[in-house]
Every structure is written in structure tokens, then in C-alpha cells.
Amino acid sequence: MSTTTDKSRSQFLKKLRNPKGEEQGEMSFIDHLEALRWHIARGVIVWLAAMILIFFQIDWVFDNIIMAPANPNFITYQWFCDLSHFLKLGDTLCMPPVEIHLQGNTVSGPFMSALSISMIGALVVAFPYLFWELWRFIKPALSPKEIKYSRGSILWVSLCFFIGGAFGYFILAPFTFNFLANFTLGTTGAYEYKPTLTDYIDSLNNLILGCGIAFELPILAVVLGKIGLISARFLRKMRKYAFVIILFLAAIITPSPDWTSQIIVALPLLLLYEIGVILVARIDRKREKEEKEWS
């Protein structure tokens, strides 16, 4: 009898201290952090696995992927030259051959560069899985309508990232390295162009990751449009300011001062902005249609 009374009294005191179930909310928050920890752990494991795989094949990756844009036989040079001949422009689009000899000035340079290549390469390879883990963490907080709107987001986000990375690797990197390698300072030959290994790898990583992230612009516009933070009218109104920001971003992404490289980056970003306007306009029309049906 006494035990039963103590249990009842304990339950009553818990309800009195927490009438709205705040203790359960605290436990759910802890569970939320626990789930986040496991999402991060699984993402790190996949990233490390990809990093180790790339590191064991680092010689092949370095020769056939990293150094390819600085090779005179890189496929992009042939593409543009063939395009120039197809358009009857002669050798206008044929870029001069590029030959870059890298140097190192630190004892640990090759090893640290191998780690950098492996880490960034693993990030690119594991990007769809990492975003999938992020999506699994966010999904429980979304409403059924928001989940419906976000179907296929993993595919589209990954696709835009890979297209942007490929654009930076196949288009922008050759133009950048070709310009820098053939740029001369003075006429006496006192300056000899010998970039460091670290500088070359950092420049290539910035081009690939920068373009990959920049190409997420339409996805960002769609998400903000569905949330209701922006509209197509707002995007059209801010177009001239957006163009200035895009030109500024293009100057940041491209490590060379060559205006050609900056234009090559800016034009796709401007196109992606207009695609974002079109997609948000479709969202606005759909939202207005639903509001009319409810009214």
C-alpha cells in the first residue's frame, strides 16, 4: 500500500513540475543529438573509406586526373580546336600548348599534397552519400507536404554538384592554367614560371569545389521559393544586383586575372540564375492555384 502511494505521489510530482511534458521534449532533444552523431559518424566512415581508396591509387590519380588539365593532350584542348574548325574559325579557339613543371619547396610537400588530393577527391566521390545522411537527419522535422516537395532532392543536388565540378575541371581549369602558363613577365627571360605543387593542387580544388557549389544556385532558389522566402517577382527585381554578385563570385572562383576565365564562369551562373527564376515562377503559379482552390 505504501509502495503504491509513493509511486502515485512521484507521478503527481512529475506532472506538477512538468505539466506540458517538457521533460519528454528534453529527452527527444538528446535523442536528436544522438541521431546527429550517428549520421556524422557514418558520413565520416564513408568519406575515410573513399579517401583511403584514393590514397592507395594516388599515383594513377595524380598522373591521369590531377595533371591532366596541364597536359597539352588534354581532351578539352582538342574539343575547342575541333569546334573552332567546325565553325570555320580556323585556329581561333585552339589554345597554345601548355607545359607546367611543378616544384616543391618543403620536405613533406608530396605527402601532404597526396593527403589533400585524397581528402578533396573523397569529398567529391562521397558527396551524394553525405548529402543523403544530411537529408535523413532533416527529414523527421519536415511535414508530409515538405517531404513531398523535396522528392528527388538528393538526385538533383548531386547532379548539379557534379555538373559544376565537371565544368570547373574540363572547361575552366584548362583556360586558367593555359593563361597562367603562357603569361610572361618582361622580355629578358629573367622570370621563369615554375609553380609549386601545393599551389597547383589548391587552384584545381578551388575550381572544382567552387563551381560545384556555385551550380547549386537553382536548387537554392527552389528551396527558398517553396518555403516562401523569395518569389519570381523578387528575383526579377533583384536581377541587376544578382548579376553584380555573380561577377564578383566568378572573380573569386577563378584564380587567374584573365577576364576570359571570369566570363566563362559568369555566363553559366547567369544562366543558372535565370533557370532559378523560371523554377520559382512555376512554384508561385502552383501556390496561387492551390490558394484559389482553398478559397
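Residue indices begin from 1 for each chain and proceed along its sequence in written order. The predicted nature of this model means local features are confined to residues of pLDDT at least 70 and side-chain atom pairs, given and counted, to a pLDDT of 80 or more, with totals for whole chains, interfaces and linings taken over all residues. Derived side-chain values reflect all non-hydrogen atoms in the structure, with water molecules and hydrogen atoms excluded from consideration.

So, the pattern of salt bridges
Step number 1: Any carboxyl oxygen of Asp or Glu within 4 Å of a side-chain nitrogen of Lys or Arg constitutes a salt bridge here. Evaluated as defined, the whole model comprises three salt bridges.
Step number 2: For Arg-136, the salt bridge identified is with Glu-133, shortest N-O distance 3.6 Å. Of this pair, Arg-136 and Glu-133 both sit in helix α6 (residues 127-138), separated by three residues, roughly a single helical turn.
Step number 3: The salt bridge involving Arg-239 is made with Glu-274; its shortest N-O contact spans 2.8 Å. Within this pair, whereas Arg-239 is found in helix α12 (residues 239-253), its partner Glu-274 is found in helix α13 (residues 259-294), the two being separated by 35 residues in sequence.
Step number 4: Exposure is judged per residue with a 1.4 Å probe applied to protein chains only, and the accessible area is read against the type maximum: over 50% gives exposed, under 20% gives buried, and values in between give partly exposed. For Arg-239, a relative accessible area of 25% puts it in the partly exposed group.
Step number 5: A residue is classified by how much of its surface remains accessible, and Glu-274, at 26% relative accessible area, is partly exposed. Where helices and strands are cited, they refer to DSSP runs of H or I of at least four residues and of E of at least two residues respectively, numbered from the N terminus.

Remarks on the nonpolar core
Step number 1: Among the nonpolar cores identified, the biggest contains 50 residues, and Ile-66, Tyr-200 and Leu-204 are the most heavily contacted of them.
Step number 2: Looking at this core element by element, the count peaks at nine residues for α13.
Step number 3: Ignoring any residue separated from it by four or fewer positions in sequence, one finds Leu-204 in contact with Ile-66, Pro-69, Tyr-169, Ala-173 and Phe-177.
Step number 4: Working definition of a nonpolar core: buried Ala, Val, Leu, Ile, Met, Phe, Trp, Tyr and Cys residues. They are joined through side-chain atoms within 4.5 Å. Formed by five residues, the second largest nonpolar core is a distinct cluster that contains Phe-127, Phe-131, Phe-161 and Leu-209. In what follows, a contact means two residues having at least one pair of non-hydrogen atoms within 4.5 Å.

Focus on the packing of helix α5 (residues 109-125) against helix α9 (residues 197-214)
Step number 1: Here an angle of 0 to 180 degrees is reported between the N-to-C directions of two axes, which are lines fitted to C-alpha atoms, with helices fitted over the stretch in contact. Between α5 and α9, whose axes approach to 10 Å, the crossing angle comes to 10 degrees. On the basis of the axis angle, α5 is roughly parallel to α9. In this structure, α5 contributes Gly-109, Pro-110, Ser-113, Ser-116, Ile-117, Ile-120, Leu-123 and Val-124 to the contact, and α9 contributes Leu-197, Thr-198, Ile-201, Asn-205 and Leu-209.
Step number 2: For this classification, Asp, Glu, Lys and Arg are treated as charged, while Ala, Val, Leu, Ile, Met, Phe, Trp, Tyr, Cys and Pro are nonpolar and the rest, including Gly, are polar. Each residue belonging to the contact of α5 with α9 can be placed in one class, and the counts come to eight nonpolar, five polar and no charged. We call two directions roughly parallel when the angle between them is under 35 degrees, roughly antiparallel when it is over 145, roughly perpendicular when it lies between 65 and 115, and oblique otherwise.

Overview of helix α10 (residues 217-227)
Quick reminder: α-helices carry 3.6 residues per turn. Residues three or four places apart thus point the same way.
Step number 1: When α10 is considered as a whole, its buried residues turn out to be Pro-218, Ala-221, Val-222 and Gly-225. Along the long axis of α10, the arc covered by the buried residues comes to 100 degrees, so they all point the same way.
Step number 2: Where α10 terminates, the next one or two residues include Gly-228, which has phi positive at roughly 100 degrees. The arc in question is the one spanned by the directions pointing from the helix axis to the C-beta atoms.

What about the packing of aromatic side chains?
Step number 1: When two rings of Phe, Tyr or Trp (its six-membered ring) have centres within 6.5 Å they constitute a pair, described as stacked for plane angles under 30 degrees, edge-to-face for angles over 60, and tilted for the intermediate range. Scanning all chains against the criterion turns up 14 aromatic pairs.
Step number 2: Between Phe-127 and Phe-131 the ring centres are 6.5 Å apart and the planes differ by 15 degrees, which places this aromatic pair in the stacked class. Of this pair, Phe-127 and Phe-131 both sit in helix α6, separated by four residues, roughly a single helical turn. Like Phe-127, the residue Phe-131 is buried in the burial classification.
Step number 3: Each residue in the set Phe-74, Tyr-77, Trp-79, Tyr-169 and Phe-170 is aromatic and connected to the rest through ring pairs, giving one cluster.
Step number 4: When the NZ atom of lysine or the CZ atom of arginine is within 6 Å of a ring's centre and also within 35 degrees of its normal, the charge is said to sit over that ring. Taking NZ or CZ as reference, Arg-136 lies 4.7 Å from the ring centre of Trp-132, over its face.

Shape is all these values report; function is a separate question.
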